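Below, each chain spelled out in residue letters.
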Amino acid sequence: MNRLSLKTFTLLQTVTSVGLSALARMVTGVRPIWNGSLPSDRQRIYFANHTSHGDFILLSACLSESERAITHAVAAGEYWGKSRLRRFIAQDMLSSVLINRQWTRPEENPIEIMLSVLDQGHSLILFPEGTRNMTEQPLLAFRSGLYNLSTARPQVELIPCWIENMSRVLPKGQFLPVPLLCRVVFGAPVAIGPGEERRAFLERAHAALLALNPRPERDD
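Residues numbered from 1 in each chain as written. Predicted model: local features only at pLDDT ≥ 70, side-chain atom pairs only at ≥ 80, totals over all residues. Heavy atoms only, no water.

**Student:** Where do I start with the overall build of the protein in this structure?
**Tutor:** On a plain count of helices and strands, the protein comes out with nine helices and seven strands. For the protein, with 220 residues in total, the buried portion stands at 44%. The contacts in the protein between residues at least 6 apart in sequence include a share of 73% that link residues at least 24 apart. (Helix = DSSP H or I, 4+ residues; strand = E, 2+ residues; numbered from the N terminus. Buried < 20%, exposed > 50% of the residue type's maximum accessible area, 1.4 Å probe, protein only. Contact = heavy atoms within 4.5 Å.)

Below you can see the structure in the form of structure tokens.
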């Protein structure tokens, strides 16, 4: 890609990011609630509940422009890499990190792919449930990715984020959002303890995220 094409491509990414964030704020009136943490330029992994394809856009809209520029959502390659158009939207326009959950080759190892992004000084948005939650449970059990990333890069801050109401704004199978008020609650950092085992850490991180649900009687 020559210099002019790269400049045009980068500009298009920026316009897409700003435009989607503005649209998210317009449709949902989203406002961040910083409950135990504050906006920061520090490298982070934001880990959140997952009920809609629009979750990462809503979370990103709560970050500053400089933070958004270096923060990438982790998305399922099985879905977003299914066609050239989907891959273009997710990877090229939205700067998502695509991973395959059913990987077979070493270069497809999801942890190594995410670590390579962190090693560039960038941040991640991770959905540790591993899939969209379409059940009656408020939050599914966490998979091991969050633990593996934390043990490999303990200096990266882990911030739990509860995304409220997005499943109603963009239900499964729908492409046009429904205007409803949303919030994103950012909790206190979660750090792995010395010698803490995988299951204990994941249960503690799960509880920290679930505790941020502002309306626990509802399914969000």
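Having seen it, we continue.
**Student:** Hey, could you run me through the packing of helix α7 (residues 145-152) against helix α9 (residues 198-210) in this one?
**Tutor:** In helix packing, the relevant descriptors are the interaxial angle and the interaxial distance, both defined with respect to the helix axes. Taken N-terminus to C-terminus, the directions of α7 and α9 make an angle of 110 degrees; their axes are 9 Å apart at the nearest point. In terms of their interaxial angle, α7 and α9 are classed as roughly perpendicular. Judged by residue contacts, L146, Y147 and S150 of α7 engage R198, F201, L202 and A205 from α9. Taken together, the residues of the contact of α7 with α9 break down into five nonpolar, one polar and one charged. (Axes fitted to C-alpha atoms, helices over the stretch in contact; angles between N-to-C directions. Parallel < 35°, antiparallel > 145°, perpendicular 65-115°, else oblique. Nonpolar A, V, L, I, M, F, W, Y, C, P; charged D, E, K, R; others polar.)

**Student:** Hey, could you run me through empty space enclosed by the protein in this one?
**Tutor:** If you roll a probe as big as a water molecule over the atoms, it shows you where there is empty space left. Applying the stated criterion to the full structure yields one cavity of 30 Å³ or more. If you go around the largest cavity, the residues you meet are S40, D41, R42, R44, Y46, E67, I70, T71 and S123. When grouped by side-chain class, the residues that make up the lining of the largest cavity number two nonpolar, three polar and four charged. (1 Å grid on protein atoms, 1.4 Å probe; cavity = no way out; pocket = protein on both sides within 12 Å on 5 of 7 lines; lining within 4 Å. Points joined across faces, edges and corners; volume = space filled by probe spheres on them.)

**Student:** Help me out: how do you make sense of the packing of aromatic side chains in this one?
**Tutor:** Evaluated as defined, the whole model comprises four aromatic pairs. Seen from their ring centres, W34 and F186 are 4.0 Å apart, and the 15 degrees between their planes marks the pair as stacked. One end of the pair, W34, is in strand β1 (residues 31-34); the other, F186, is in strand β7 (residues 183-186), with 152 residues separating them in the sequence. On the basis of relative accessibility, which here comes to 0%, the residue F186 falls in the buried class. For the pair Y46 and F186, a centre-to-centre distance of 6.0 Å together with 80 degrees between the ring planes defines the contact as edge-to-face. In this pair, Y46 sits in strand β2 (residues 44-48) while F186 sits in strand β7, placing the two residues 140 residues apart along the sequence. Judged by relative accessible area, Y46 falls into the buried class, the value being 2%. (Phe/Tyr/Trp six-rings, centres within 6.5 Å; stacked < 30°, edge-to-face > 60°.)

**Student:** Is there a simple way to think about the environment of D41 in this case?
**Tutor:** Relative to the helices and strands, D41 is located in the loop between β1 and β2. For the pair D41 and I70, spaced 29 residues apart in the sequence, the C-alpha separation amounts to 9.6 Å. Sequence-distant contacts of D41, that is, excluding residues within four places in its chain, are made with S66 and E67.

**Student:** When you look at helix α6 (residues 110-118) in this model, what are you seeing that I'm missing?
**Tutor:** An α-helix turns once per 3.6 residues; consequently, residues spaced three or four apart project the same way. Those residues of α6 lying buried are P110, I111, M114, L115, V117 and L118. For α6, the buried positions fall inside an angular range of 155 degrees around the axis, keeping them on one side. Sitting at the head of α6, N109 places a side-chain oxygen 3.0 Å from the backbone nitrogen of I111. (Arc of directions from axis to C-beta. Polar contact = N/O pair within 3.5 Å; in protein donor to acceptor, adjacent residues only side chain to side chain.)

**Student:** Help me understand the pairing of strand β3 (residues 71-76) in this model?
**Tutor:** Consecutive residues of a regular strand have side chains that alternate between opposite faces of the sheet. The buried count for β3 comes to six of six residues, which makes it a mostly enclosed element. Side chains T71, A73 and A75 of β3 all project onto a buried face; the interleaved residues H72, V74 and A76 project onto the opposite face, where all are buried too. Pairing analysis gives three bridges linking β3 to strand β5 (residues 123-126), with the strands arranged parallel. Directly across from T71, in β5, lies its bridge partner S123. The pairing of β3 with strand β4 (residues 97-99) spans three bridges and is classified as parallel. Looking across to β4, one finds that V74 is bridged to V97. (Pairing = 2+ DSSP bridges.)

**Student:** Where do I start with the nonpolar core in this structure?
**Tutor:** One recurring pattern in soluble globular proteins is that nonpolar side chains are buried together. Membership of the largest hydrophobic core comes to 27 residues, with the highest contact counts inside it found for I45, F47, L124, F142, L146 and L149. Broken down by secondary-structure element, the contributors of at least two residues to this core are β2, β4, α6, β5, α7, β6 (157-164) and α9. At five residues, the largest contribution of residues to this core is made by α6. Discounting residues that sit within four places of it in the chain, F47 has contacts with L126, P128, F142, L146, L158, I159, P160, C161, V190, A205 and L209. One finds A48, F56, I125 and C182 within the second-largest nonpolar core, a separate group that totals 19 residues. (Core = buried A, V, L, I, M, F, W, Y, C linked by side-chain atoms within 4.5 Å.)

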